[in-house]
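Below, each chain spelled out in residue letters.
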Amino acid sequence: MENFLNELNDVQYKCITETEGPQLILAGAGSGKTRVVTTKIAYLVKYEKVNPQEILAFTFTNKAAKEMKDRVSKLLESDVERMWIGTFHSMCVRILRRDLNLPNYTKNFSIFDTTDQKTLIKECIRELNLDDKIYTPNYVQNRISGLKNEGITPLEFEKFAFSPIDKKLLDLYKIYENKLESNNAFDFDDLIIKVIELFNSDNMVKTYYQQRFRYVFVDEYQDTNNIQYQLIKLISGLHKNICVVGDADQSIYKWRGANINNILNFEKDYNNTNQIILSQNYRSTQNILNIANSVIQNNTERIKKDLWTSNLEGDKPTLYEAGNSTEEAIQVGSTIEKLIQEGKSPSEIAILYRSNYLSREFEEQLIKRDIKYKVIGGIKFYDRAEIKDILGYLRLIINDDDDISFRRIVNSPKRGIGDVTIDKLAEIAIEKNISLYKALDYVEEYDKLFDARAQKNLIGFKNLIDNLKLKSTSNSISELLDFLLERVEYITGLEKIDTVEARSKIENIEEFLSSVKNFEDSEEGTLHEFLVGVSLLSDVDKTENLDEAVSLITVHSAKGLEFGHVFIVALEEGVFPSAYAELDEDMEEERRLMYVALTRAKDNLYLSSAKSRMRHGKINYQLPSSFIDEMGDNLIKISPVNSNKVRFQPKETTNKNYVYTSKKGVDSKTNIPNSNIYNTGQKIKHSKWGMGIVTQIIESQGDQLVTVLFDNGELKTLIGSMAPMEVVS
């Protein structure tokens, strides 16, 4: 790679050849950030004759570290394995293994992963005799990790731990730290903290590393937290040849400790900083960049820059304003189907959303069209643990011979029924050739197998399922679920944990409840039929090759990726931006998240919103996202009445809930719904909801979305061809 400098633009060349002193490279989305960092490292070695072992480069992921090493190796045409390029944690492990000199620790320390940490935390909770439903291991682990990422020790936490919960948390933090020490172990957060402690307590060790690393690089500097910031300051403190690369406009990880002020205040922290802005974008068309620039300029916490490109101007992004979320999903599904028919690769297509729970309706539309898809950085909707738990309860209610569902839910949420107890119950089931559920009837008879606590818990579980079975005979599925969730305190338990993961689980459950309501509104189906429908949707071959598949992905997980054709969905207030964005600084982070989403697109950008979206089984009327107004005149807006109707013909299936069926108003020869069946002002009679008046009609995809105000005061939006209703003359 003799001429690798010839491939750079003028600004990139300046970044690479100016090597001395602090340097802040503000790299806009798609501006060739990785190329600049790797080429600069190669330049130092090849042209400035720097010893490779005098270079230290921090990354955030092993994948990024590997890519950096591979690129540098290719540029230098030599092995770079001995060069210190890696994640913060891996670099700190190397330092600690070589030079650890802290009281009560040895160099052969263990590193406790997340599972080990939870085991240790459970011990701490038991020792303090605390309620593990309030002080759940997840909650305690997240709080302690948050404190450590801020560099807050138990001694410092003691100064502001005033609430009853924080006082108990302080006690847990102290015991947890003592247990780590007695195990000669560090958790992941400790790896950085202990290097800082080592440097501050042993000047010889600190000086050794400061002298050794003449050049320090930090990738994605906007994502650094407080302890990473301290480490960087210490290790680059002698030569001050510190080069950080990042983009304040893409700082989207505040919720896990990232501090945007680290990049915004870099010039205050390092005198005589050489700031260079990379604003030429190599990814997107100018029309896509116009929207991104227009949105992000509304933030105040940023360093001003506007992205530009020498690429084609491209098509203007479109905004589809759907009547409801079902119509939105149909539109996205049919557009993707059309793109693939035109020869576009599925791997170049992505659906981006703010939160995981939003994936369900889009997954269902892709399944209907036999379009392969994968959920990146997440799990398919019906494979998520909390959804499988609820389905497990429903399946056991209608089939008490289902031992798989029994084993899944008997201790979820936790009710003191462990593996040993279940194994003993299985002995009874095998002896009598019955299911585990039916074996519960013999718990009292086999009282020598179970202690009093296990016996009580098993009988309590049996009573719960029996009660649910009784409820299922006289209540709707949604009513049954409401009762179930209340009795087992599933959502209440997640609310007590109060983490990002827990809130995501609650949102998924609420979305599941919405799918149940949709089923009930469209069909006179039973619980059994609903579960059959779900099984058909979730029965995807797990071994299939998904290289050529549409990507479904949250915006957070999409950072660093790019796709030819991007759909950003559910652009409504309270969804994107999130309802949790109450402060100005939170709103700025949401706007940065939108900026990241917009800049993932290379060729085409499709935005969509819905006027109504079902949450927790109720229709919520939505306002369009405020970010849409910030995009200005750079959008082509499409409403259902103005859009070209894309007629969708589903394949034959027994899953009536999710496809058009040959009912009244549907052409049975083509299986495509006829339009104009219903009109505003008509009186109708629904087989379940009774009499009502049609208040709104939206023509969509060759069908009608019919909004009806029923005599009982309920407002429902129904798919015209599917709803069991007729016009009353």
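Reading the values: the criteria
Residues numbered from 1 in each chain as written. Predicted model: local features only at pLDDT ≥ 70, side-chain atom pairs only at ≥ 80, totals over all residues. Heavy atoms only, no water. Helix = DSSP H or I, 4+ residues; strand = E, 2+ residues; numbered from the N terminus. Rg over C-alpha atoms; globule rule 2.2 N^0.38 Å. Buried < 20%, exposed > 50% of the residue type's maximum accessible area, 1.4 Å probe, protein only. Contact = heavy atoms within 4.5 Å. Lys, Arg positive; Asp, Glu negative; His and termini not counted. Charge placed at Lys NZ, Arg CZ, Asp CG, Glu CD. Polar contact = N/O pair within 3.5 Å; in protein donor to acceptor, adjacent residues only side chain to side chain. Phe/Tyr/Trp six-rings, centres within 6.5 Å; stacked < 30°, edge-to-face > 60°. Lys NZ or Arg CZ within 6 Å of the ring centre and 35° of its normal. Pairing = 2+ DSSP bridges. Core = buried A, V, L, I, M, F, W, Y, C linked by side-chain atoms within 4.5 Å. Domains from an automatic or database assignment. Patch = residues over 30% accessible without salt bridge, like charges linked within 9 Å, V, L, I, M, F, W, Y side chains within 5 Å. Areas by Shrake-Rupley, 256 points an atom, 1.4 Å probe, with all protein chains shown as cover. Salt bridge = Lys/Arg side-chain N within 4 Å of Asp/Glu carboxyl O. Axes fitted to C-alpha atoms, helices over the stretch in contact; angles between N-to-C directions. Parallel < 35°, antiparallel > 145°, perpendicular 65-115°, else oblique. Nonpolar A, V, L, I, M, F, W, Y, C, P; charged D, E, K, R; others polar. Right-handed = clockwise from strand over helix to strand, strands pointing away.

## What to know about the overall build of the protein chain
- Helix and strand content of the protein chain: 28 helices and 24 strands.
- Its C-alpha atoms give the protein chain a radius of gyration of 29 Å, within 12% of the compact-globule value 27 Å for 729 residues.
- When the backbone C-alpha atoms are referred to their principal axes, the protein chain occupies close to 85 × 75 × 45 Å.
- Looking at the protein chain residue by residue over its 729 residues, the buried ones come to 56%.
- Here the analysis covers contacts within the protein chain between residues at least 6 apart in sequence; of these, 73% occur between residues at least 24 apart.
- Side chains of the protein chain carry 93 positive and 110 negative charges; the gap between the two charge centres is 1 Å.

## Examining the side chain of Ser 251
- Here Ser 251 shows up in the loop between strand E7 (242-246) and helix H12 (261-264).
- Among the polar contacts listed, one links the side chain of Ser 251 to the backbone oxygen of Gln 222, at a separation of 3.4 Å.

## A few points about the packing of aromatic side chains
- Scanning the entire structure with this criterion turns up 21 aromatic pairs.
- Summarising the aromatic geometry, the rings of Phe 512 and Phe 530 are spaced 5.9 Å apart at their centres and angled 70° between planes, so their arrangement reads as edge-to-face. In this pair, Phe 512 is assigned in helix H24 (residues 500-522) and Phe 530 in helix H25 (residues 527-538), connecting sequence segments 18 residues apart. Of the two residues, Phe 512 and Phe 530, both sit in the buried class.
- In this structure an aromatic cluster arises from ring pairing among Trp 84, Phe 199, Tyr 208, Tyr 209 and Phe 213.
- Taking NZ or CZ as reference, Lys 233 lies 5.0 Å from the ring centre of Tyr 270, over its face.
- Over the aromatic face of Tyr 580 sits the side chain of Arg 503, whose NZ or CZ is 4.7 Å from the ring centroid.

## Here we look at the pairing of strand E1 (residues 23-27)
- Burial of E1 is extensive: five of the five residues sit out of reach of the surface.
- Burial of the side chains of E1 extends over both faces: Gln 23, Ile 25 and Ala 27 are buried on one face and Leu 24 and Leu 26 on the other.
- Sheet analysis places E1 next to E7, joined by four bridges and oriented parallel. Residue pairing in the sheet places Leu 24 in a bridge with Val 244 of E7.

## Overview of the nonpolar core
- If you look at the biggest cluster of nonpolar residues, it comprises 75 residues, and the most contacted ones within it are Leu 425, Phe 461 and Phe 512.
- Two domains share this core, each providing at least three of its residues, namely domain 2 (110-183) and domain 4 (384-522).
- Look past the residues within four positions of Phe 461 in its chain and what remains in contact with it is Tyr 393, Leu 396, Phe 406, Ile 409, Val 410, Arg 415, Ile 417 and Leu 440.

## Notes on a nonpolar patch on the surface
- Where nonpolar side chains cluster on the molecular surface, the patch consists of Tyr 621, Leu 709 and Leu 715 and spans about 280 Å² of accessible area.
- Relative to the elements of secondary structure, Leu 709 occurs in strand E22 (residues 703-710).
- Owing to a relative accessible area of 40%, Leu 709 belongs among the partly exposed residues under this scheme.

## Here we look at the environment of Lys 316
- Here Lys 316 lies in the loop between helix H14 (286-296) and strand E9 (318-322).
- Take Lys 316: its relative accessible area is 38%, and that puts it in the partly exposed class.
- Residues Lys 316 and Ile 291, spaced 25 residues apart in sequence, show a C-alpha to C-alpha distance of 9.4 Å.
- Setting aside residues no more than four positions away along its own chain, Lys 316 makes contact with Asn 287, Asp 633, Asn 634 and Ile 636.
- Looking at Lys 316, its side chain comes within polar contact range of the main-chain oxygen of Asp 633, at 3.2 Å.

## A short note on the packing of helix H6 (residues 137-149) against helix H8 (residues 164-182)
- For the pair H6 and H8, the least separation of the axes is 10 Å and the interaxial angle reads 80°. With respect to H8, the axis of H6 lies roughly perpendicular. Of the residues in H8, those touching H6 at Tyr 139, Val 140, Arg 143, Ile 144, Leu 147 and Lys 148 are Ile 165, Asp 166, Leu 169, Leu 172, Tyr 173, Tyr 176, Glu 177 and Leu 180.
- Per-class residue counts for the contact of H6 with H8 are ten nonpolar, no polar and four charged.

## Topic: the pairing of strand E13 (residues 563-568)
- Taken across its six residues, E13 has six buried, putting it largely inside the fold.
- Sheet topology places strand E10 (residues 349-353) next to E13; four bridges connect them, and they run parallel. Within the sheet, the bridge partner assigned to Leu 352 lies in E13 and is Ile 568.
- Of the pairings in the sheet, the one linking E13 to strand E14 (residues 601-610) comprises five bridges and is parallel in character. In the strand pairing of E14, His 565 is matched with Asn 604.
- Between the parallel pair E13 and E14, the chain is carried across by helix H27 (residues 584-598), and the sense of this crossover is right-handed.

## Let's talk about the environment of Ser 310
- You can see Ser 310 is positioned in the loop between H14 and E9.
- Owing to a relative accessible area of 57%, Ser 310 belongs among the exposed residues under this scheme.
- Distance in space between the C-alpha atoms of Ser 310 and Ser 284 is 9.5 Å, their sequence separation being 26 residues.

## A short note on the sheet that holds E7
- Across the sheet, which stays open at both edges, the six strands sit in the order E3-E2-E6-E7-E1-E8 with parallel pairing between neighbours. Looking at which strands have only one partner, the edges of the open sheet turn out to be strand E3 (84-87) and strand E8 (274-278). Neighbour to neighbour, the strand axes of the sheet diverge by 15° on average, direction disregarded.
- The pairing of strand E2 (residues 55-59) with E3 spans four bridges and is classified as parallel. When the sheet's bridge partners are listed, Leu 56 is paired in E3 with Trp 84.
- Most of the contacts of helix H2 (residues 33-46) go to strand E6 (residues 215-218), to which it runs at about 170°, and overall it touches E1, E2, E6, E7 and E8.
- In the packing of helix H11 (residues 226-235) onto the sheet, contacts are made with E2, E6 and E7, and the angle to E2 comes to roughly 175°.

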